[in-house]
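Each chain, written out:
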Amino acid sequence: MIKKFLNPIYITRPIFPDLDKFNEKLKTIWQSKILSNNGVQCQALEKKISKILKVDNLQIFNNGTIALLVGLKSLHLSGEVITTPFTFPATVNCLIWNNLTPVFCDIDKNTMNIDVNKIESLITSKTSAILAVHVFGTPCDVEKIQEIANKHKLKVIYDAAHAFETEFNNKSIASFSDLTMFSFHPTKLFHTGEGGALVFKNTDVAAESRMLKNFGIKNEEEVIYCGINGKINEIQSALGLLVLNCRNKERKRRKLIKDTYQKMLVEIDGISFVERNKSETKSSYQYFVIRINKDKFGKSRNFVYEEFKKYNVFTRKYFYPLCSEYPYCKDLKSAEKVMLPVANRVVEEVLAMPFYGGLKISEVKKICNLLISFRNL
Ligand SMILES: *Cc1c(COP(=O)(O)O)cnc(C)c1O
C-alpha cells in the first residue's frame, strides 16, 4: 500500500532566484526611478536573450499571448491560417482576435505536432499563413513547412512557448520562421513572472511591432498604428535576468528526472513517451509527457489522472479539450472530428507528469510506482 503525498505535487514549480540578489536588483530599480517603458532592465534582458537564442530582431513583451497578437497584426495577414487543434487556447484565440479564420490540420501521431503531410490539402486561395506549435518543445518539421510556405507564398509562424533554447540541427528554433513567439510565464522553464518574446525575420515588420506594442505611437507627435500595451516592466525584466542564471542548473535536474521516469516506465506495456525529432540537437526540457494506451495498459488516461489526485499528485491533460472543440470553433468545417482523427485520439492519451528541478528522485520513483500500481486496480 503506497501512502499519499503529504503535500500536493504539481506538474511544475517556477524557478525562484536568490532573494538577496533580487533585492539588489530592486535597489537599482528604485534608484533609477524608472519602472517601465523599455528601461535599463528590459533592454539588458532583450540583449541577453537575443544572444542566448542567437537571433536579431527580438522583442520582449508582457506575456506570450499579447506578443503573438501583436506579431500576427504586424504581418498583415488575412483570410485563413492553417494551424493545429492540439495546443493551448492562446494560439488559436490570437488568430481570431486578428479576424483570421483558423483552419485545423491534423497532427502527427508520434511528435503530436502539425502533420506536414496534411497541410497542402487545406490550402485555399484565402490561406495567408501557417501557424504551427512546437508541442512540448519538440521541433516541428521546420524544413518541410518552409518548403510548403515557399511554394504557396505563405508566412510561417511558430508558437514556441515550450521551446525556449530548443535547437534544430544546431540552429536556434527561432531562425526558421517569419515570426516566432516565446512565453515567459512561470509555468515555463525560463520565466519573467509573466512575459513573452517575438523573434522576427524581417526588420521592417519588427519596427512596426515595436510601435504596436506601445499603442502604435511613432513619436511624441504621431500615432500611426492601432496598437496595444505589450510592454514588460522593469521588475519582471530584472527577475528574468536572474532566472536566466538558474536555467542551466534547472535543466540538468530535469534531465535526471526525465531519465528516472523513462528508466522506470520504459518496459510498462501501454505507456509511451514523446518521440523526439532526430534534428533536435538541444532540448528545452519544458515538459515530461507520457501517452497511455488504454487497451494495452488496462486503464485509461482519465482513470490514471483521477487516481493520481487521490494521492495528492496533480498531473495535467495537456491539451484537453482540443481547440476544435471550443464552442466558437466547433462549427468550422476543419473542426469536424472525422477531419482530425489523430488529434482526437491523442488528446485522450496524453498526460503531463510532475516535472521540475525541485522534485526529489525518490518522489519521481514513488509517482512511477503509483502509476504502475493503478494497472491492478
Ligand atoms: C504558455 C503558452 C502560451 C501563452 O503564453 P502566455 O505567456 O501565458 O501568454 C501560448 N501557447 C502555448 C503553447 C503555451 O504553452
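Here the structure is a predicted model, which is why all the values come from computation and not from measurement.

Q: So what exactly am I meant to see when it comes to the overall build of the protein here?
A: When helices and strands are tallied, the protein shows twelve helices and 15 strands. In terms of C-alpha radius of gyration, the protein reaches 21 Å, essentially the compact-globule figure of 21 Å for 377 residues. Sequence separation of 24 or more characterises 72% of the internal contacts of the protein that already satisfy a separation of 6 or more. Only carbon and sulfur atoms are counted for the fraction: they give 52% of the accessible area of the protein, which is about 17600 Å². Put simply, the protein has 55 plus and 39 minus side-chain charges, and the middle of one group is 6 Å from the middle of the other.

Q: Explanation requested: the side chain of threonine 111 in the structure shown.
A: Counting through the fold element by element, threonine 111 comes out in the loop between strand E3 (101-104) and strand E4 (127-133). Take threonine 111: its relative accessible area is 16%, and that puts it in the buried class. Those residues in contact with threonine 111 that lie beyond four places of it in its chain are Thr138, Val274 and Glu275.

Q: What am I meant to see in the packing of aromatic side chains here?
A: For any two aromatic rings, the description comes down to two numbers: the centre-to-centre distance and the angle of the planes. Counting across every chain of the model gives 18 aromatic pairs. Judged by centre distance (5.3 Å) and plane angle (85°), the ring pair of phenylalanine 86 and phenylalanine 319 falls under edge-to-face. Placement of phenylalanine 86 in the loop between strand E2 (80-83) and helix H4 (89-97) and of phenylalanine 319 in the loop between helix H10 (301-310) and helix H11 (341-346) is noted, with a sequence separation of 233 residues between them. In this structure phenylalanine 319 comes out as buried when scored by relative accessible area, which is 4%.

Q: Sorry, what's going on with the environment of alanine 207 here?
A: Here alanine 207 shows up in helix H6 (residues 203-212). Taking C-alpha positions, alanine 207 is 26 Å from histidine 152, a pair spaced 55 residues apart along the chain.

Q: Is there a simple way to think about the packing of helix H2 (residues 40-53) against helix H7 (residues 234-244) in this case?
A: A packed helix pair is summarised by two numbers, namely the angle formed by the two axes and the spacing between the axes. It is the contact of H2 with H7, at a shortest axis distance of 8 Å, that shows an interaxial angle of 35°. You can see that H2 and H7 cross each other, and the crossing is left-handed. Residues Val40, Gln41, Cys42, Ala44, Leu45, Lys48, Ile49 and Ile52 of H2 lie in contact with H7, whose contacting residues are Glu234, Ser237, Ala238, Gly240, Leu241 and Leu244. Considering only residue class, the contact of H2 with H7 consists of nine nonpolar, three polar and two charged.

Q: Just to check I follow, could you spell out the nonpolar core for this structure?
A: Grouped burial of nonpolar side chains is what soluble globular proteins tend to show. Counting 47 residues, the largest nonpolar core has Ile49, Ile119, Ile145 and Phe182 as its most contacted members. Residue assignment for this core shows that the elements contributing at least two residues are helix H1 (19-32), H2, strand E1 (58-61), E4, helix H5 (142-152), strand E5 (155-159), strand E9 (196-200) and H7. With residues up to four places along the chain from it excluded, the contact list for phenylalanine 182 reads Leu53, Gly64, Ala160, Ala161, Ala163, Phe164, Ile173, Ala174, Gly196, Ala197 and Val199. Of all hydrophobic cores here, the second largest spans 30 residues; its members include Phe308, Met353, Leu359 and Ile372.

Q: Help me out: how do you make sense of the domain arrangement of the protein in this one?
A: One frequently used descriptor of interface size is the decrease in accessible area upon assembly of the parts. Split by domain assignment, the protein resolves into domain 1 (19-244) and domain 2 (247-376). Between the C-alpha centres of domain 1 and domain 2 there is a distance of 25 Å. In this complex, domain 1 contributes 42 residues to the contact, which on the side of domain 2 involves 39 residues. Carbon and sulfur atoms supply 60% of the area buried between domain 1 and domain 2, which totals about 3700 Å² over both sides. Of all residues in domain 1, Phe104, Phe136 and Leu189 give up the largest surface area on contact with domain 2, accounting jointly for 21% of the area buried on that side. One salt bridge connects glutamate 165 with lysine 282, and the closest N-O pair in it is separated by 3.1 Å.

Q: Looking at this structure, how should I read H6?
A: Owing to its 3.6 residues per turn, the α-helix aligns residues three or four sequence positions apart on the same side. Listing the buried residues of H6 in full gives Val205, Ala206, Glu208, Ser209, Met211 and Leu212. On its buried face, H6 sits against E1, helix H3 (64-74), E9 and strand E10 (217-219). Structurally, the start of H6 carries an N-cap: the backbone nitrogen of aspartate 204 is 2.7 Å from a side-chain oxygen of asparagine 202.

Conventions we followed
- Residues numbered from 1 in each chain as written.
- Predicted model: local features only at pLDDT ≥ 70, side-chain atom pairs only at ≥ 80, totals over all residues.
- Heavy atoms only, no water.
- Helix = DSSP H or I, 4+ residues; strand = E, 2+ residues; numbered from the N terminus.
- Rg over C-alpha atoms; globule rule 2.2 N^0.38 Å.
- Contact = heavy atoms within 4.5 Å.
- Areas by Shrake-Rupley, 256 points an atom, 1.4 Å probe, with all protein chains shown as cover.
- Lys, Arg positive; Asp, Glu negative; His and termini not counted.
- Charge placed at Lys NZ, Arg CZ, Asp CG, Glu CD.
- Buried < 20%, exposed > 50% of the residue type's maximum accessible area, 1.4 Å probe, protein only.
- Phe/Tyr/Trp six-rings, centres within 6.5 Å; stacked < 30°, edge-to-face > 60°.
- Axes fitted to C-alpha atoms, helices over the stretch in contact; angles between N-to-C directions.
- Left-handed = near helix turned anticlockwise from the far one by under 90°.
- Nonpolar A, V, L, I, M, F, W, Y, C, P; charged D, E, K, R; others polar.
- Core = buried A, V, L, I, M, F, W, Y, C linked by side-chain atoms within 4.5 Å.
- Domains from an automatic or database assignment.
- Buried area = accessible area lost by both parts, 1.4 Å probe.
- Salt bridge = Lys/Arg side-chain N within 4 Å of Asp/Glu carboxyl O.
- Polar contact = N/O pair within 3.5 Å; in protein donor to acceptor, adjacent residues only side chain to side chain.

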